[in-house]
Amino acid sequence: SPSNKMKIRVVQIWGFLMTVLGWIFIACTMAMEGWKISAIGGMGGSSIIKVAWYWSSLWRSCFTDSTAVSNCYDFPVLWSVQGSIQIVRGLLMSGLSLGMLGFVLSLLGMECTFIGGKDRSKHKKIYAGGCCHIASGLLAASGYAVYAHHVSIEYFNPSYDGLKFDLGTPLFLGWVGSAFHMTGGFFY
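The numbers attached to residues start from 1 for each chain and follow its sequence in the written order. Local features in a predicted model are, by the rule used here, given only for residues with pLDDT of at least 70; side-chain atom pairs are given and counted only at 80 or more, and totals for whole chains, interfaces and linings are based on all residues. Processing note: side-chain calculations cover all non-hydrogen atoms of the structure and skip hydrogens and water entirely.

An unreviewed UniProt entry lists the protein chain under the name Claudin 10e, with Tetraodon nigroviridis given as the organism. UniProt positions are given in the numbering used here, feature names are shortened, and annotations may be inferred rather than shown by experiment. Listed in UniProt under the heading Sequence similarities (unreviewed entry), the comment for the protein chain reads: "Belongs to the claudin family."

Now the structure itself:
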């Protein structure tokens, strides 16, 4: 019936919007700074006045002093980067690639597009696209979890005497993006 087709289209469009938003969030986190952050206080360890900030992303590590001068160290060639960062990069890039495949399949399978063939063929495509989006969201969420786990092991280890980092904004934005991506996949 026409009203049923309309409901399906609305749900599919919502699925598309959710997956696009999730994919964009995940893609943005790849370039964002401050995956892990730490600040060293001045004035006898006071947390109010900061003397130096340390922060790191998937691509470089930086130090900013109280005069707002930043010094950054770009991570060297691919194979010499810390193993956990390699895994996170791989999971996120795999997730983004699978998400692109999901977009192609979903667009071919949506009710409101005139490409993709007959109904049965379209249903298979949108189902496969939805599965790609769910898997993509899971891959990305796993990448953020690996990074967070690595940072938290050092943070909660009482015998670790190095600089302890907090989790930065990109991780939380990424988890929200992963949730959007998977939710959109379920809508399909």
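*Asks:* Can you explain the packing of aromatic side chains? Please cite residues and give values.
*Replies:* Put simply, two rings from Phe, Tyr or Trp (the six-membered ring, in Trp's case) pair if the centres are within 6.5 Å, and we call them stacked under 30 degrees between planes, edge-to-face over 60, tilted for the rest. Applying the stated criterion across every chain yields a total of ten aromatic pairs. An aromatic cluster of at least three residues, connected via ring pairs, comprises Trp 35, Tyr 144, Tyr 147, Phe 172 and Trp 175. We note Lys 36 situated over the ring of Phe 165; from NZ or CZ to the ring centre the distance is 4.6 Å. Sitting over a ring, as applied to charges here, requires NZ of Lys or CZ of Arg to be within 6 Å of the ring centre and within 35 degrees of the ring normal.

*Asks:* I'd like a rundown of the state of the cysteines, residues and numbers included.
*Replies:* What counts as a disulfide here is a pair of cysteine sulfur atoms lying within 2.5 Å. By the definition in use, this model includes one disulfide. The disulfide bridge from Cys 62 ends at Cys 72, spanning 1.9 Å between sulfur atoms. Taking the torsion about the sulfur-sulfur bond, which here is approximately 110 degrees, the covalent link between Cys 62 and Cys 72 counts as right-handed. Separated by ten residues along the polypeptide, Cys 62 in strand β3 (residues 60–65) and Cys 72 in strand β4 (residues 70–74) bring together distant segments of the chain. In this scheme, a residue with accessible area under 20% of its type's maximum is buried, one over 50% is exposed, and one in between is partly exposed, where area comes from a 1.4 Å probe on protein chains only. Overall, Cys 72 belongs to the partly exposed group, its relative accessible area being 38%. Cys 132 provides the cysteine sulfur closest to Cys 131, a residue in no disulfide bond, and the two sulfurs are 7.3 Å apart. Residue Cys 131 is classed as partly exposed on the basis of its relative accessible area of 37%. Runs of H or I in DSSP of at least four residues are treated as helices and runs of E of at least two as strands, each being numbered from the N terminus.

*Asks:* Break down the pattern of salt bridges for me, citing the residues and quoting the values.
*Replies:* One side-chain nitrogen of Lys or Arg within 4 Å of one carboxyl oxygen of Asp or Glu is enough to make a salt bridge. Here the structure, examined in full by the defined rule, presents one salt bridge. The partner of Arg 60 in a salt bridge is Glu 33, and the shortest N-O contact between them spans 2.7 Å. Here Arg 60 is found in strand β3, whereas its partner Glu 33 is found in the loop between α1 (2–31) and β1 (36–41), with 27 residues between them in sequence. Given the relative accessible area of 30%, Glu 33 is considered partly exposed.

*Asks:* Please provide a residue-by-residue account of helix α4 (residues 169–187), values included.
*Replies:* Here α4 contains 19 residues, and its C-alpha end-to-end distance of 27 Å stays within 8% of the 27 Å for a straight helix at 1.5 Å per residue. Check the buried side of α4 and you find it contacts α1, α2 (83–109), α3 (119–156) and β5 (166–167). Any helix carries an expected span of 1.5 Å times its number of residues minus one. The contact definition used throughout considers only heavy atoms, calling two residues in contact when any of these lie within 4.5 Å.

*Asks:* Talk me through the UniProt feature "transmembrane region" (unreviewed entry) in the protein chain; I want residue IDs and the actual numbers.
*Replies:* Per the UniProt annotation, the sites labelled "transmembrane region" (unreviewed entry) are residues 12–32, 91–114, 126–147 and 167–187. From the first C-alpha to the last, residues 126–147 spans 32 Å; its make-up is 100% helix and 0% strand. Helix makes up 90% of residues 167–187 and strand makes up 5%, while its end C-alpha atoms are separated by 31 Å.

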